Amino acid sequence: MGIPTRCLAQLGRLSLSPGHHSIAFTPASFVATMTQIRLASTSKKDAAGGKSNAQRMKKKTVEKKKKTRTSFIQYDMRDAIQFSLCDAMRYIRAFEVGRAPTSSKYEMHVKLKTLKNGPVLRSRLRLPHPVKTDVRICVICPPDSKYAESARAAGAVLVGEEEVFEAVKDGKIDFDRCICQTDSLAKMNKAGMPRILGPRGLMPNTKLGTVVKDPSIMMKDLVGAAEYRERMGVVRMAVGQLGFTPEEMQRNIKTFIDSLKKDMAAMSDKISKDIAEVVLSSTNSPGFPLNGTFRNPNSDITTRDLSTPS
């Protein structure tokens, strides 16, 4: 009995031994192979292409950069709803119901096909039916000269040099047009008038004919005349009052469009401008694109209906 008991005790000690752990065996086929990869420095040039990685990445970024447009966005007007002149006036008058015929104005917007940084159109014309006849005119000339006397007699609201300069600097610009006599041109520029009158479109300009020898002669042409200027590829100008008849509007619009075409044709051959869209609106109405016709033959509205107060 002694020998079996000693064997059982040895077996028990082996099963309770604290330092005994099993070792797992993993086949070599299940171990991932690790390979060291060395990258070339970006400061060294590629032997094949002669360019570094940084240069290649910079080139790709430049290629993906969006190109700047050199012209204004144009839309295909063939898919747009367009109106005849009488139909556009009919809808515009509906927006102006209850207003005085002389308080609201018809406005023409002509969108051009032109470059963004190209020269702009700017001119003055006399419409067959003037829109605004109560034009307030300022004349810059020597106050004691004969030109000042003739300008006051012609109806100028403000005449002189220092008097005009101080009024403008104080913000009292109570005139719609400004004419400068040639002898006062240097004083006007020295007084800083271009900075104030220029952004308002009131600065006398030799090209526009507002810097003249005799201002009284020019005043007769300014009464009833209208100025227009291209801004952001669009030329805007008032072409009529709400009380104008369709026939009067037609003559004014034709004169305006003909003047634009004449100005575009007078530009250099290297400068291309063309009319893309013509829109008619009013003081309180949205714009209605015109299709170039006077009256829709299928319309039930007559020109007599559009000639009465709204």
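Residues numbered from 1 in each chain as written. Predicted model: local features only at pLDDT ≥ 70, side-chain atom pairs only at ≥ 80, totals over all residues. Heavy atoms only, no water.

(A) Here's a closer look at the packing of helix H4 (residues 146-154) against helix H8 (residues 215-222). At a minimum axis separation of 8 Å, H4 and H8 run at an interaxial angle of 25°. Here H4 lies roughly parallel to H8, going by the angle between them. Crossing geometry of H4 relative to H8 is assigned as right-handed. Of the residues in H8, those touching H4 at Tyr147, Ser150, Ala151 and Ala154 are Pro215, Ser216 and Met219. A class-by-class count of the residues in the contact of H4 with H8 yields five nonpolar, two polar and no charged. (Axes fitted to C-alpha atoms, helices over the stretch in contact; angles between N-to-C directions. Helix = DSSP H or I, 4+ residues; strand = E, 2+ residues; numbered from the N terminus. Parallel < 35°, antiparallel > 145°, perpendicular 65-115°, else oblique. Left-handed = near helix turned anticlockwise from the far one by under 90°. Contact = heavy atoms within 4.5 Å. Nonpolar A, V, L, I, M, F, W, Y, C, P; charged D, E, K, R; others polar.)

(B) Up close: helix H9 (residues 246-265). Counted at 1.5 Å a residue, the expected span for H9 with its 20 residues is 28 Å, and the 28 Å between its end C-alpha atoms agrees. Among the residues making up H9, those that are buried are Pro246, Met249, Asn252, Ile253, Phe256, Ile257, Ser259, Leu260 and Met264. Projected down its long axis, H9 carries its buried residues within an arc of 155°, all on one side. More than 90 degrees from the buried face of H9, the exposed residues found are Lys254, Lys262 and Ala265. On its buried face, H9 sits against helix H3 (85-95), strand S1 (105-113), strand S2 (122-126), strand S7 (225-231), strand S8 (234-241) and strand S9 (274-282). (Expected span 1.5 Å × (residues − 1). Buried < 20%, exposed > 50% of the residue type's maximum accessible area, 1.4 Å probe, protein only. Arc of directions from axis to C-beta.)

(C) How the structure looks around H4. What H4 keeps buried is the set Tyr147, Ala148 and Ala151. For H4, the arc enclosing every buried residue in end-on projection is 100°, short of the 170-degree limit, so these residues lie on one face. Counted as exposed and oriented over 90 degrees from the buried face of H4: Lys146, Glu149 and Ala153. In this structure, the buried residues of H4 make contact with strand S3 (137-140), strand S4 (158-160), strand S5 (177-181) and H8. Backbone geometry just after H4 places glycine 155 at a positive phi near 105°.

(D) Inspection of the sheet that holds S1 at higher detail. One open sheet holds the six strands; their spatial order is S2-S7-S8-S1-S9-S10, and the pairing between them is antiparallel. Since the sheet does not close on itself, it has two edges, and those belong to S2 and strand S10 (288-289), each with one partner. Looking at chain direction, S1 and S8 are connected through seven bridges and run antiparallel. Among the inter-strand pairings, methionine 108 is bridged to a residue of S8, identified as methionine 237. (Pairing = 2+ DSSP bridges.)

(E) Here's a closer look at the pairing of S9. With eight bridges joining them, S1 and S9 adopt antiparallel strand pairing. Across the sheet, residue lysine 111 finds its bridge partner in S9, namely glutamate 277. Here S9 runs beside S10; their pairing, made up of two bridges, is antiparallel. Bridge pairing in S10 links leucine 280 to phenylalanine 288.

(F) Examining unusual backbone geometry more closely. The backbone of methionine 232 sits at a positive phi, close to 55°, despite the residue not being glycine. Structurally, methionine 232 can be placed in the loop between S7 and S8. Residue methionine 232 is classed as exposed on the basis of its relative accessible area of 68%.

(G) Highlighting the nonpolar core. Counting 34 residues, the largest nonpolar core has Tyr106, Met108, Met237, Val239, Met249, Phe256 and Leu280 as its most contacted members. Per element, the largest residue contribution to this core is six residues, and it comes from H9. Here methionine 249 is in contact with Leu85, Met89, Tyr106, Val239, Gly240, Phe244 and Leu280, once residues within four sequence places are set aside. Listed in part, the 18 residues of the second largest apolar core include Leu158, Leu197, Leu202 and Met203. (Core = buried A, V, L, I, M, F, W, Y, C linked by side-chain atoms within 4.5 Å.)

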